[in-house]
Amino acid sequence: MKKHQTLRGLIFTIVAIQLSLAISGTVIAENRADRVISGTVTDEDGAVLPGVNVILKGTLVGVVTDASGKYSLQIPGEPSNNEVLVFSFIGYATQEVAVSNRTTVDVTMITDITSLSEVVVVGYGTQDKKDITTTVTHLTSKDILQVAGNGALMAIQGKVAGLSITNTAAADPNSSPNFQLRGVSSRNAGLGPLFVINGIPGGNIDNLNQNDIESIDVLKGGAASAIYGTRGSNGVVLITTKRGASTPQAFYDGYVSFNYLTNKIDVLSKDDFLKHNRGTDYGGDTDWAKAITKSPAISHKHTLQLSGGSNSTNYMLSFDYRDADGLDLRSAREEYGARLNLYHKSANDLYEATVTIAPRYVFADNASVGLSSQSLAMRSDNSNGAFTQSLFLNPTFPVYDETAPSRYFNVLNKGGFDGAYNPAEELNTVQTGSEGKYLEWSASFKLNILKNLYSQITLGQQTSDFFDFNFTPSTNNRRINSNGGRNTAGRAYNKTDQKTFEWIGNYNFDVNDHDVEVMGGYSFNYFNSSGMNASNEQFPSDVLTYHNLGTGTWILESPQNRLGSYKNDSRLIAFFGRITYDYASRYYVSASLRREGSSRFGAGNKWGSFPGVSVGWRIINESFFPKIDAIEDLKLRADFGVTGNQDFGNYLSLDTYSGYGFYAYQNTYYQVWGPSQNINTDLRWEKAENFNVGLDFELFESKISGTVNYFSRTNKDLLGFYNVPVPPNVQGQTYVNVGTMKNSGVEIQLDAQAYTSDKFQYTISFAGATNNNKFISFSNDLYKGNNYQDIAGLGGMGSSGLNAQRLEEGRRIGSFYMWKSAGVDATGRLLVYDKAGEVIPANTAKADDRRYVGNGLPKFTAGLGNNFSYGSFTLSVFLRGAFGFDLYNTTAYFIGTPATQKGVNVLSTAYDGGKYSALTNEETYSSLSDYFLEKGDYVKIDNVTLSYNFSAPVKFISSARVYFTGRNLYTFTKFTGGDPELVNVNGLSPGINTSLAYYPSSLQLIAGLQLKF
């Protein structure tokens, strides 16, 4: 387009000026060699900056820094207090530094916030920031936090307004974060955004190295996401990885991290347990949490990047290795990966080609899982894991059996909850994990037919293979007690594959003040997944573990359900186009349409249309707008778009058949075969109608920039299972389109250069968002039902069997619906209000006495970044929080009162004189009321990093950076159930854990070194 051609011409002009300045400086120096000022120019990381303009203010005397970032400038005349050097470079803020009597002037260039944000990635292209007419948040590699955790995108937690990133077991190296943009959007289909890596939709973020990321662009507006149609309903995250440089470069980053259990949930010690007559004394004195915790859990990671080439051909090759331990004794993850980005452009600019290849290998040992004795590797929840056991096990149980010191103590059938086991034995003797492989590649070829017309094709494939394993030895007490000491083993293989082909054509032209760009394209995606599993028992030895399943004899005695396999696939085809119009950099219009078809939907509803339109008005360029020095830029914009959702299982619209297990008839086992689901030929797209209005601004010479947005999204024809009668249906549920939900809110994104001088800089970033949610409807013309649905049931361990939350038309999701507490009576019974407002004992309350008592969805979330730079030191402090919501203290509900059943350990708060210690009567044990509802608001000191930059410390090293980072340093909260982030606030039931799931959070200390060669 015209603006890009103008930018290219501007760069050539700047280079010419640099050369002329250099020549001028040389000529002057030859004629008047008076005195020399020299120094080195570096960036904020300490890396040298070649090509920086250094000019004596008010003159034509100047030079350009060399490849080592050094300059030497000869200044005529005697020293003067008025002499000032001006340092300028594209992408960095211009600096003026007084010379005085100095002969050496070193300068650190500070990133220009506005400049780096000028070009952002949008769907199937890029746009200048000033021309964007929809909601896009742009982050660069400098905005990413230093983390040593799971998933590269955990590093942007709290950085993007409206993007919720949670992980309720972050200290487990094999856990994955959960993403939700602008609130929950579906009942049963996928809730997370679409990830696009280097232009390939559906990218796997588990195959990303944080150091490889160049930029992240989050498309939040409906018009921006509509170009991705069915997969853009929950927003789109565009990730661009680093490309090669025109000069040879090398970069190394390595760190070691130490993880310590924090926000610990305290339980009774042995002495207190016996003092309060909680159970039998078995002679031990065990702190079960300590017995199964690595302290510290150590991990380290190393990245080496090599890049080079020329402006026409370059490469970037990256290698990384990570070895991480979890907080528990077993969990660990070892992985190594690589990424190769190749770029080539013909000498006459006729064509451009790119190739990306990214393999990765993972070996994982899982954290403790639930109670299943088979296929342990296939389960990933912590609903009854080792740390959960550590909360309620009798502290007088010893770890080892004193009568047989080589064996673990058998805790089964010694009182307490059903399913108790020795977690130290579980973690040390049971093997469960996976071997994983990722392979992603993509290639593109762009043909520049004319200066303003190009055509591009892109091919890509993403494959992941996981080979799970599990083994429990014959010596394990759980096997001895329940399976006669039979050892057991299993393997499971799962493979997913996505193939992508996309073509786009782009044409742009400008006539006077009119600038037009037209883009059209075609997309084809094929998805395939397959797998198999096998298990066996009663092996002759424990030595071979899971490596020889055929030697087990139990399959001969009990052959049923020992083998399994599956395969399914789907296709997604789309035609799309977009046109953008710009008049005189004042008025902007963009419109797009995607016509998409999916094999997942019913026969008559496979195709859908997804339009988007946006407008922008740069008010500051109007002649009537007053000239105010403080206002640098001001733009008003609005957009509307329709997106879809097809993120659910395959074949749910079809009449499918499957086996129903083996049943004996006359001493012979037969497998039952029959229809497995109801057919639904009317299954169609779940659609979201998105409206957004926003204001972009830059103030005080771009020292303050930001954006404010109001959004409203209505999701219609929500996908989910709906109860139906049998007969005429063959199953009691059908997957249908029923329901409507609405989310709305306000988002604020701010960046400010609070203070800047030649030695000290202070910048601030802020991201905040509100979220208002309402469930509008549960029915449609075909499916009629209640106007509410009770969810979030707390089962087991003596619970009431009732659900804790209710989804109801006209109400916000996350609404707690339970008995309202009226205090505790003299006998220690919990009192509640009945529907008439009378106070009654909780054990006499009825289901219809329940009422709305709170909400688990945060009303406001925010992140605040503070970055300080002084000389070679930099300090960043990042705070993050959530406000205006309630959390249900599930731990206190199950094991937090004196009324908890005997033989079970309880929280220390059960006997500290507080509210929970008042519940002494077993009659109202685990009565579901708001007595256990607590304020969930919190503020975290989330990330603090101190670093020091060395400029060319030794030969062959251009810069070095040493950094120290602390993560999750402290949490300010009134919630007493541990770290409030261990309770998920994403999804349909925010604010509650429906089981006694517990994997503690960690405080993380990181020490790292970065080198540039």
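These numbers were taken from a predicted model, which means no experiment stands behind them. Numbering of residues begins from 1 in every chain and follows the order in which that chain's sequence is written. Selection of residues for local features in this predicted model requires a pLDDT of at least 70, selection of side-chain atom pairs for listing and counting requires 80 or more, and totals for whole chains, interfaces and linings are taken over all residues. Heavy atoms from the whole structure form the basis of all side-chain values; hydrogens and water molecules are not counted.

Enquirer: Hey, could you go over the overall build of the chain for me, with residue numbers and the actual values?
Expert: The helix and strand tally for the chain stands at ten helices and 54 strands. Computation of the radius of gyration draws on C-alpha atoms alone. For the globule rule, the value is 2.2 Å times the number of residues to the power 0.38. Scaling as 2.2 N^0.38, a compact globule of 1013 residues should have a C-alpha radius of gyration of about 31 Å, and the chain matches this with 32 Å. Overall, the chain is about 105 × 65 × 65 Å in size when its C-alpha atoms are taken along their principal axes. Per-residue burial for the chain yields a buried fraction of 54% across its 1013 residues. A run of H or I in DSSP counts as a helix once it spans at least four residues, and a run of E counts as a strand once it spans at least two, with each numbered from the N terminus. Per-residue accessibility, obtained with a 1.4 Å probe over protein chains only, is compared with the maximum for each type, and a residue is labelled buried under 20%, exposed over 50%, and partly exposed between these values.

Enquirer: Quick one: what's the story with the pairing of strand β38 (residues 740-756), residue by residue and with numbers?
Expert: Paired strands, as defined in this entry, are two strands with at least two bridges between them according to DSSP. Both strand β35 (residues 704-716) and β38 contribute to a ladder of 13 bridges, which runs antiparallel. From the neighbouring strand, N715 faces β38, where its bridge partner is M741. In terms of strand pairing, β38 meets strand β40 (residues 772-777) through five bridges, oriented antiparallel. Residue pairing across strands places N743 opposite N773, the latter belonging to β40. Summarising the sheet, β38 and strand β39 (residues 760-770) pair through nine bridges and their orientation is antiparallel. Residue pairing for β39: E747 is matched across the bridge by A769. Hairpin connection between β38 and β39: a loop of three residues separates the two successive antiparallel strands.

Enquirer: A description of the UniProt feature "domain: TonB-dependent receptor plug" (unreviewed entry) in the chain should follow, citing residues and the corresponding values.
Expert: UniProt positions are given in the numbering used here, feature names are shortened, and annotations may be inferred rather than shown by experiment. The positions that UniProt labels "domain: TonB-dependent receptor plug" (unreviewed entry) are, in the present scheme, residues 128-236. Across residues 128-236 one finds 4% helix and 26% strand; the C-alpha atoms that close the span lie 18 Å apart.

Enquirer: How would you summarise the pattern of salt bridges if you had to cite specific residues and measurements?
Expert: Criterion for a salt bridge: a side-chain nitrogen of Lys or Arg within 4 Å of a carboxyl oxygen of Asp or Glu. Across all of its chains, the model carries 42 salt bridges by this definition. In this structure, D696 and R637 form a salt bridge, with 2.9 Å as the shortest nitrogen-oxygen distance. Within this pair, whereas D696 is found in strand β34 (residues 686-699), its partner R637 is found in strand β31 (residues 631-645), the two being separated by 59 residues in sequence. Its relative accessible area of 4% is what places R637 among the buried residues. Where salt bridges share partners, they join D320, R322, R333, E335 and R360 into one cluster.

Enquirer: An account of unusual backbone geometry is needed here, citing residue identities and associated values.
Expert: In this model, V726 is joined to P727 through a cis peptide bond whose omega is -15 degrees. Here the bond from P727 into P728 is cis, since omega is 10 degrees, no more than 30 degrees from zero. A positive phi is found at N198, a non-glycine position, where the angle reads about 50 degrees. Relative to the assigned elements, N198 resides in the loop between β13 (194-197) and β14 (200-201). Given a relative accessible area of 26%, N198 falls into the partly exposed group. One non-glycine residue, T545, lies in positive phi territory at about 45 degrees.

Enquirer: For the sheet that holds strand β16 (residues 236-241), give the residues involved together with the corresponding values.
Expert: Pairing is mixed across the open sheet formed by five strands, whose spatial order is β10-β15-β16-β13-β14. This sheet does not close on itself; its edge strands, each paired only once, are β10 (136-140) and β14. As defined by bridge partners, β13 adjoins β16 across four bridges and the pair is classed as parallel. Note on β16: the bridge partner recorded for I197 is I239.

Enquirer: Talk me through the sheet that holds strand β3 (residues 62-64); I want residue IDs and the actual numbers.
Expert: Strand pairing within a sheet occurs via backbone hydrogen bonds; the two strands may be parallel or antiparallel. Taken in spatial order, the four strands of this open sheet run β3-β2-β5-β6, and their pairing is antiparallel. Looking at strand neighbours, the two that pair on one side only are β3 and β6 (92-98), the edges of this open sheet. This sheet shows a mean twist of 15 degrees between the axes of neighbouring strands, independent of strand direction. One ladder, built from three bridges, connects strand β2 (residues 53-56) with β3; its direction is antiparallel. For V54, the partnering residue across the bridge sits in β3 and is V63. Note on method: axes are straight lines fitted to C-alpha atoms, helices fitted across the in-contact stretch only, with angles between N-to-C directions ranging 0 to 180 degrees.

Enquirer: Hey, could you go over the nonpolar core for me, with residue numbers and the actual values?
Expert: Residues grouped as a nonpolar core are buried Ala, Val, Leu, Ile, Met, Phe, Trp, Tyr and Cys residues, joined through side-chain atoms within 4.5 Å. Judged by nonpolar contacts, the single largest core of 66 residues is most densely connected at L794, Y888, I895, L928 and F932. Elements supplying a minimum of two residues to this core: α6 (386-392), α7 (423-429), β41 (788-793), β42 (803-808), β43 (815-818), β45 (830-833) and α10 (890-895). In terms of nonpolar packing, the next biggest core, distinct from the first, is built from 24 residues, L145, L163, I205 and I216 among them.

Enquirer: Break down the packing of aromatic side chains for me, with residues and values.
Expert: The description of an aromatic ring pair rests on the distance of the ring centres and on the angle between the ring planes. Two rings from Phe, Tyr or Trp (for Trp, the six-membered ring) form a pair when their centres are within 6.5 Å of each other. A pair whose planes differ by under 30 degrees is stacked, one over 60 is edge-to-face, and the rest are tilted. Overall, the coordinates contain 43 aromatic pairs when judged by the stated rule. An aromatic cluster is present here, built from F816, Y888, Y893, F894, Y916, Y931 and F932 joined pairwise through their rings. As a reminder, the over-ring test applies to NZ of lysine and CZ of arginine, requiring each to be within 6 Å of the ring centre and within 35 degrees of the ring normal. The ring of Y421 has R478 sitting right over it, with the charged end atom 4.3 Å from the ring centre. The ring of F648 carries the charged tip of R600 above its face, separated from the ring centre by 6.0 Å.

Enquirer: Explain the pairing of strand β5 (residues 84-89) to me, using residue names and the numbers behind them.
Expert: Across the six residues of β5, five count as buried, placing the element largely inside the fold. Pairing geometry for β2 and β5, over four bridges, is antiparallel. Pairing of V54 across the sheet is with F87, part of β5. Where β5 meets β6, five bridges bridge the pair, whose relative direction is antiparallel. Within the sheet, the bridge partner assigned to F87 lies in β6 and is Q95.

Enquirer: Break down the confidence of the model for the chain for me, with residues and values.
Expert: Summarising the model, the chain shows a mean pLDDT of 88, and 93% of its residues fall at 70 or more. The predictor attaches a confidence to each residue, called pLDDT, with possible values from 0 through 100. Residue contacts are counted whenever heavy atoms from the two residues lie within 4.5 Å of one another. Scored below 50 in pLDDT, residues 1-33 shows 30 contacts in the model against residues more than four places distant or in partner chains. Long-range and interchain partners of residues 370-383, a stretch whose pLDDT sits below 50, account for 51 contacts in this model, where long-range means more than four residues apart.

Enquirer: Give a detailed account of the side chain of D825, specifying residues and quantitative values.
Expert: Position of D825 among the secondary structure elements: in the loop between β44 (821-824) and β45. For D825, the side chain forms a polar contact with the side chain of T827, separated by 2.8 Å. Polar contacts, as used here, are pairs of N or O atoms within 3.5 Å; protein pairs need one atom able to donate a hydrogen and one able to accept it. Residues neighboring in sequence count only if both atoms are side-chain atoms. Within polar-contact distance, the side chain of D825 engages the backbone nitrogen of R829 at 2.8 Å.

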